[in-house]
Amino acid sequence: MQTAIYTYPGYQQLGEDIAQQLGMPTHEIIVHHFPDKESMVTLPDKKYSHVFLLLSLDYPNNKLVELLLTCKTLRSQGTQRISLIAPYLCYMRQDKSFNPGEVISQQVIGHWLSELVDDLITVDPHLHRVKSLDVVIPGTNTIVFSATHLLGDFVKSLNKTVHLIGPDEESLQWVKSVALTSHSPYSVAKKERLSDTHVEIQLPEIDYQDQHIILIDDVISTGHTVAQAADKLYNAGAKQVDVIATHALFSRDAIALLNKVKIKNIWSSNSITHPTNQISLDVMLAQKIKSLL
Ligand code: R5P
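Quick summary incoming for the structure in this document. (Residues numbered from 1 in each chain as written. Predicted model: local features only at pLDDT ≥ 70, side-chain atom pairs only at ≥ 80, totals over all residues. Heavy atoms only, no water.)

Regarding the overall build of the protein
The following threshold applies: Numbering of helices and strands runs from the N terminus; a helix is a DSSP stretch of H or I covering at least four residues, while a strand is a stretch of E covering at least two. Throughout, radius of gyration means the C-alpha value; the globule benchmark is 2.2 Å times the number of residues raised to the power 0.38. Think of it in three bands: with a 1.4 Å probe and only protein chains considered, a residue is buried below 20% of the maximum accessible area for its type, exposed above 50%, and partly exposed in between. Throughout, a residue-residue contact means that at least one pair of heavy atoms, one from each residue, lies within 4.5 Å. Method for areas: the Shrake-Rupley scheme with a 1.4 Å probe, in which residue coverage is limited to the protein chains shown.
Summing up its helical and strand segments, the protein has 9 helices and 16 strands in all. Its C-alpha radius of gyration of 20 Å places the protein within 12% of the 19 Å reference for a compact globule of 293 residues. Considered along the principal axes of its C-alpha atoms, the protein spans approximately 65 × 50 × 35 Å. Within the protein, the proportion of its 293 residues that are buried is 54%. Restricting to contacts in the protein with at least 6 residues of sequence separation, those with at least 24 account for 65%. As displayed, the protein offers around 13,700 Å² of accessible surface, 50% of which is attributable to carbon and sulfur atoms.

Laid out in structure tokens, this is it:
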């Protein structure tokens, strides 16, 4: 099969890094947004029977339409297999109706993606009550991997004595794995979410005096979770607080908020292209793509 990687805006570099390892061609998809925010998608003037689309689905609404336009057009041109590489997968958090009338967006978007693509490669999807992506995206071959060992290698490379903290109970799975790889001690805080921007964090009761803490989370969105945790850690005597996240969503003024509470370093994987990216997923993604060839 003739294969290629098509990259959406912002993902050319990652696409090229992956393609180089596989000896595969890459081509850019051009996206133009009209003043009313409609999307105009221009596909490469090429034909391949198997196309890998590289597009993280943060800020997803436009991107989902652009993906629809791409996939429908590729199919009409005879592409037999479409594999989506979406290191960050959107709409995973609303996995039930918490209040009457609330749409279960995970189900709707998952089924919709299953109609578009044959394979989906993603990284640490935020699954909670539904444990498997095969249930969320039925009929699509889903390949999921975790970035935590790469985060752990990064912590190890700092060569510092650090204590890792997960800011809520859900982060246990990630912080534990990062701690195993980096041979660091770890603890997990408790969090109550009151609204999008209001959380209450309760730190684990340990001695923070002069400790160097690294907060580990899968997603940083508004930044309120890690900002409040950092603030409390400094008040408890920590000498330095850094943050590592797999998915650097950083919505609204998140970075300013993190700077305000004096978080020293903010590091992320390049699952979402962002200036804080320090940990590359290219080798892992190339391996997963290879498994589909
Ligand atoms: C939630 O369970 C996630 O793991 C993150 O803690 C959450 O998405 C962070 O959100 P924010 O940065 O808006 O506090």
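This is not the end of the story, as more comes after the structure.
Considering the layout of surface pockets
The line we're drawing: The pocket and cavity definitions rest on a 1 Å grid over protein atoms only: a 1.4 Å probe that fits but cannot leave marks a cavity, an open set with protein on both sides within 12 Å along at least five of seven lines marks a pocket, and residues lining either have an atom within 4 Å of a point. Grid points are joined across faces, edges and corners, and a volume is the space filled by probe spheres set on the points. Nonpolar residues are Ala, Val, Leu, Ile, Met, Phe, Trp, Tyr, Cys and Pro. Charged residues are Asp, Glu, Lys and Arg, and all others, Gly as well, are polar.
A volume near 1,200 Å³ is recorded for the largest pocket. Looking at the largest pocket, it is lined by 38 residues, and the ones nearest its centre are R93, H126, R193, D196 and S221. Among the residues making up the lining of the largest pocket, the classes are represented as 14 nonpolar, 11 polar and 13 charged. Taken as a whole, the second largest pocket spans an internal volume of roughly 170 Å³. Listing elements by their share of the lining of the second largest pocket, those giving two or more residues are strand 3 (30-33) and helix 2 (60-76). The residue makeup of the lining of the second largest pocket, split by class, is 6 nonpolar, 4 polar and 3 charged.

Thoughts on the nonpolar core
Threshold: Residue types Ala, Val, Leu, Ile, Met, Phe, Trp, Tyr and Cys, when buried and joined through side-chain atoms within 4.5 Å, form a set referred to as a nonpolar core.
Counting residues in hydrophobic clusters, the biggest one holds 39 residues, and the most contacted among them are I18, L164, I244 and I289. If sequence neighbours within four positions are ignored, I289 has contacts with I5, I18, L22, M24, F52, I85 and I121. Ranked by size, the runner-up nonpolar core spans 31 residues in total, among them C71, L84, L127 and L133.

Description of the sheet that holds strand 14 (residues 240-248)
Strand pairing in a sheet is mediated by backbone hydrogen bonds. Such pairs are either parallel or antiparallel. To keep things clear, this is the line we draw: Whether two strands pair comes down to DSSP finding at least two bridges between them. To get an axis, a line is fitted to the C-alpha atoms, and for a helix only the part in contact is used. The angle between two axes follows their N-to-C directions and goes from 0 to 180 degrees.
Read from one edge of the open sheet, 6 strands run 10-9-13-14-15-16, paired in parallel fashion. Each edge of the open sheet carries a strand with a single partner, namely strand 10 (186-188) and strand 16 (277-279). With strand direction ignored, the average angle separating the axes of adjacent strands in the sheet is 30°. In the sheet, strand 9 (residues 163-166) pairs with strand 10 via 3 bridges, with the strands oriented parallel. Bridge pairing in strand 10 places I165 opposite S187. In the packing of helix 6 (residues 172-182) onto the sheet, the strands contacted are strand 9, strand 10 and strand 13 (212-220), and the crossing angle to strand 10 comes to about 175°.

Things to note about the site of the ligand
We apply this condition: The near set for a molecule or strand comprises every residue that places at least one heavy atom within 4 Å of it. Side-chain atoms alone can form a polar contact between residues adjacent in sequence; in general such a contact is a pair of N or O atoms within 3.5 Å, and within protein one must be able to donate a hydrogen while the other accepts it. Placement in a cavity or pocket follows one criterion, namely that more than half of the molecule's atoms lie within 2 Å of its grid points.
Around the ligand sit 15 residues, and of these E170, D217, D218, T222 and T225 come closest. At a separation of 3.1 Å, an oxygen atom of the ligand approaches a polar side-chain atom of K191. Side-chain polar atom of T222 to an oxygen atom of the ligand: 2.6 Å apart, as the coordinates give it. For the ligand, the protein covers 93% of the area, taking 380 Å² as the surface of the free molecule. Taking a 2 Å distance to the grid points as the criterion, the majority of the atoms of the ligand fall inside the largest pocket. Contributing elements (two or more residues each) for the shell around the ligand: strand 11 (190-195), strand 13 and helix 7 (224-235). Here the shell around the ligand gets 4 residues from one element, more than from any other, and that element is strand 13. Split into classes, the residues belonging to the shell around the ligand amount to 2 nonpolar, 6 polar and 7 charged.

Details of the packing of aromatic side chains
Each pair of aromatic rings is reported with the distance of its centres and the angle of its planes. Selection rule: Paired rings are identified among Phe, Tyr and Trp, the last through its six-membered ring, by centres lying within 6.5 Å, and are further divided according to the angle between planes into stacked (under 30 degrees), edge-to-face (over 60) and tilted (the rest).
One pass over the full model with this rule turns up 2 aromatic pairs. Ring centres of Y6 and Y48 lie 6.2 Å apart, and the angle between their planes is 75°; this geometry places the pair in the edge-to-face category. With a gap of 42 residues between them, Y6 in strand 1 (residues 3-7) and Y48 in the loop between strand 4 (39-42) and strand 5 (50-54) connect regions that are remote in the sequence. There is no split in this pair, since Y6 and Y48 are both buried. Taken together, a centroid distance of 5.0 Å and an interplanar angle of 70° make the contact between F154 and W267 edge-to-face. Here F154, found in helix 5 (residues 148-158), pairs with W267, found in strand 15 (residues 266-269); they are 113 residues apart in sequence, far enough to count as distant. Per residue, the accessibility class of F154 equals that of W267, and both read buried.

Shape descriptors only; they carry no functional weight alone.
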